[in-house]
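Chain by chain, the residues run as shown.
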Amino acid sequence: MITGTLTSETFLRAVELTETEAQVFDEAYEATTQYVPWPKAYGGDMVAQAAAAMMRSVDADRNLHSMHSYFMRPVDVGSTVRYEVERLRDGRGYSTRTVRGFQNGKPVYAAMGSFQVSEDGPDFQPQAPAAVEPESLRSAAEVLADTDGTAADYWGTGRSFDMRHIPGPVYVELEGGTAPQQAIWVKAFDSLPDSKDLQRTALAYVCDYTILEPLLRVNGLNWSSPGLATASLDHSMWFHRDGRVDDWVLYAQEAISGQSNRGLAMGRFFDRQGRLLATVAQEGMIRA
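The present account deals with the structure reproduced in this document.

### What to know about the packing of aromatic side chains
Right, so step 1: Under the criterion given, the structure shown has twelve aromatic pairs.
Right, so step 2: Measuring from ring centre to ring centre gives 5.5 Å for tryptophan 38 and tyrosine 154, while their planes differ by 85°; the resulting arrangement is edge-to-face. Of this pair, tryptophan 38 sits in the loop between strand 2 (27-32) and helix 2 (43-56) while tyrosine 154 is found in helix 4 (residues 150-157), placing the two residues 116 residues apart along the sequence.
Right, so step 3: On the basis of relative accessibility, which here comes to 38%, the residue tryptophan 38 falls in the partly exposed class.
Right, so step 4: For tyrosine 154, a relative accessible area of 6% gives the class buried.

### A word on the nonpolar core
Right, so step 1: In this structure, Met67, Tyr83, Tyr109, Phe161, Met237 and Phe269 are the most contacted members of the largest nonpolar core, which totals 70 residues.
Right, so step 2: For this core, the leading source of residues is helix 2, giving nine residues.
Right, so step 3: Sequence-distant contacts of tyrosine 109, defined by excluding residues within four places in its chain, comprise Met46, Val47, Ala50, Met67, Ser69, Tyr70, Phe71, Met72, Tyr83, Val99, Arg100 and Gly101.
Right, so step 4: Ranked by size, the runner-up nonpolar core spans five residues in total, among them Ala183, Trp185, Trp248 and Leu250.

### Considerations on helix 5 (residues 196-206)
Right, so step 1: The buried count for helix 5 comes to nine of eleven residues, which makes it a mostly enclosed element.
Right, so step 2: All of the buried residues along helix 5 are Leu198, Gln199, Arg200, Thr201, Ala202, Leu203, Ala204, Tyr205 and Val206.

### A closer look at the environment of glycine 168
Right, so step 1: Along the chain, glycine 168 turns up in the loop between strand 7 (161-166) and strand 8 (181-188).
Right, so step 2: Placed 25 residues apart in sequence, glycine 168 and valine 143 show a C-alpha to C-alpha distance of 9.5 Å.
Right, so step 3: Not counting residues up to four positions away in its chain, the partners in contact with glycine 168 are Glu175 and Arg217.

### Observations concerning helix 2
Working note: α-helix, 3.6 residues per turn, so residues spaced by three or four point in the same direction.
Right, so step 1: Between its first and last C-alpha, helix 2 extends 20 Å over 14 residues, near the 20 Å set by a 1.5 Å rise per residue.
Right, so step 2: Taken across its 14 residues, helix 2 has 13 buried, putting it largely inside the fold.

### Some thoughts on the sheet that holds strand 4 (residues 80-90)
Right, so step 1: With antiparallel pairing, the twelve strands of this open sheet are ordered in space as 1-2-4-5-6-3-9-12-11-10-8-7. Of all the strands in the sheet, just strand 1 (18-20) and strand 7 have a single pairing partner and so form its edges. For this sheet, the mean angle separating the axes of adjacent strands, direction not counted, is 25°.
Right, so step 2: Across five bridges, the pairing between strand 3 (residues 62-71) and strand 9 (residues 229-239) is antiparallel. Of the residues in strand 9, the one forming a bridge with methionine 67 is methionine 237.

### Re the packing of helix 2 against helix 5
Right, so step 1: Helix 5 packs onto helix 2 with a crossing angle of 155° between their chain directions and a minimal axis gap of 8 Å. Relative to helix 5, helix 2 is oriented roughly antiparallel. For helix 2 against helix 5, the interelement crossing comes out right-handed. Contacts from Gly44, Asp45, Val47, Ala48 and Met55 of helix 2 reach helix 5 at Asp197, Arg200, Thr201, Ala204 and Tyr205.
Right, so step 2: Looking at the contact of helix 2 with helix 5 residue by residue, the class counts come to five nonpolar, two polar and three charged.

### What about the pattern of salt bridges?
Right, so step 1: Applying the stated criterion to the full structure yields 15 salt bridges.
Right, so step 2: Measuring nitrogen to oxygen at the nearest pair gives 3.4 Å for the salt bridge that ties aspartate 242 to lysine 196. With aspartate 242 in the loop between strand 9 and strand 10 (249-259) and lysine 196 in helix 5, this residue pair connects regions lying 46 residues apart in the sequence.
Right, so step 3: Aspartate 242 gets classed as partly exposed once you look at its relative accessible area, which sits at 27%.
Right, so step 4: Across the pair glutamate 283 and arginine 262 runs a salt bridge whose closest N-O atoms are separated by 2.5 Å. One end of the pair, glutamate 283, is in strand 12 (residues 276-287); the other, arginine 262, is in strand 11 (residues 262-271), and 21 residues separate them in sequence.

What counts, and where the lines are drawn
- Along each chain, residue indices are assigned from 1 in the same order as the chain's sequence is written.
- Since the coordinates come from a predicted model, pLDDT governs what is reported: local features require at least 70, and pairs of side-chain atoms require 80 or more to be given and counted, while whole-chain, interface and lining totals use all residues.
- Values reported for side chains reflect all heavy atoms of the structure, with hydrogen atoms and water molecules removed beforehand.
- Note on ring pairs: Phe, Tyr and Trp rings are taken, using the six-membered ring of Trp, and paired if centres are within 6.5 Å. Classes follow the plane angle, with under 30 degrees stacked, over 60 edge-to-face and the rest tilted.
- Counting from the N terminus, the helices are DSSP H or I runs at least four residues long and the strands are E runs at least two residues long.
- Exposure is judged per residue with a 1.4 Å probe applied to protein chains only, and the accessible area is read against the type maximum: over 50% gives exposed, under 20% gives buried, and values in between give partly exposed.
- We call a set of buried residues a nonpolar core when its members are Ala, Val, Leu, Ile, Met, Phe, Trp, Tyr or Cys and they connect through side-chain atoms within 4.5 Å of each other.
- Contact criterion: two residues are considered in contact whenever any of their non-hydrogen atoms come within 4.5 Å of each other.
- Here the expected length of a helix is defined as 1.5 Å per residue gap, with one fewer gap than residues.
- Any two strands between which DSSP finds at least two bridges are classified as paired.
- Angles shown run from 0 to 180 degrees and are taken between the N-to-C directions of axes, each axis being a line fitted to C-alpha atoms and, for helices, limited to the stretch in contact.
- Roughly parallel covers angles under 35 degrees, roughly antiparallel covers those over 145, roughly perpendicular covers 65 to 115, and oblique covers all other angles.
- A clockwise turn of the near helix away from the far one marks a right-handed crossing, whereas an anticlockwise turn of less than a right angle marks a left-handed crossing.
- Gly is placed with the polar residues, together with every amino acid not listed as nonpolar (Ala, Val, Leu, Ile, Met, Phe, Trp, Tyr, Cys and Pro) or charged (Asp, Glu, Lys and Arg).
- When a carboxyl oxygen of Asp or Glu is within 4 Å of a side-chain nitrogen of Lys or Arg, the pair counts as a salt bridge.

Here it is, written out as structure tokens:
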């Protein structure tokens, strides 16, 4: 039985940063990983927190346009991570940053990010895939209404975002077949502040929840498969256009390759008007 409250407070708490004294690089911030019903923290916490830390270090005329991450060690749930930001370069049009996350005295996460001053130029993008309207699909809470357990409660209400699968979810059984593609309509439960940086941070936060699911599909797996173990290994994200994640966005995903208990998947975020907002590539460990 789903008992949680539909709110985006988990995401907003995750990206709350506290400035602290730098020990390694130029500036440092602390943030707290949020609850998950598993032994290790959610990878999107680190991606979003690191993105927010880098954003703090650049002038307001620059937007994050790419970010590349490595997850090096498991991170404790509900604990503080210190993000050290290095200002590698500030040019007239671009800025480059590195950020490293530390917990328990060890580096647990590392990333690079690039920022650009916006310019006028030609505009091109692929056409958004056709998809049924989100209102016609079941929410995670509706899918899991009769499923007991902390995992079901977390999937249904604990992730700050309403997520509706096409052709069907993979929570406790594989719905929709084993094709290497799927799409998910995503929307924050609450209205989010009018901040371009925060909206991009929200995309970075939510992208890791489901990006490995096409790889589960092709192997006939679901998140409740006995013995399943997964972990994010590395992650890249490119931000193309400004958009809002408190309105419906379509996250179109595809499995690219699987081998040696590793898999690569790609995803693209489109707003409801068909504008391409961001592209994601992520490699993960998948052991069944």
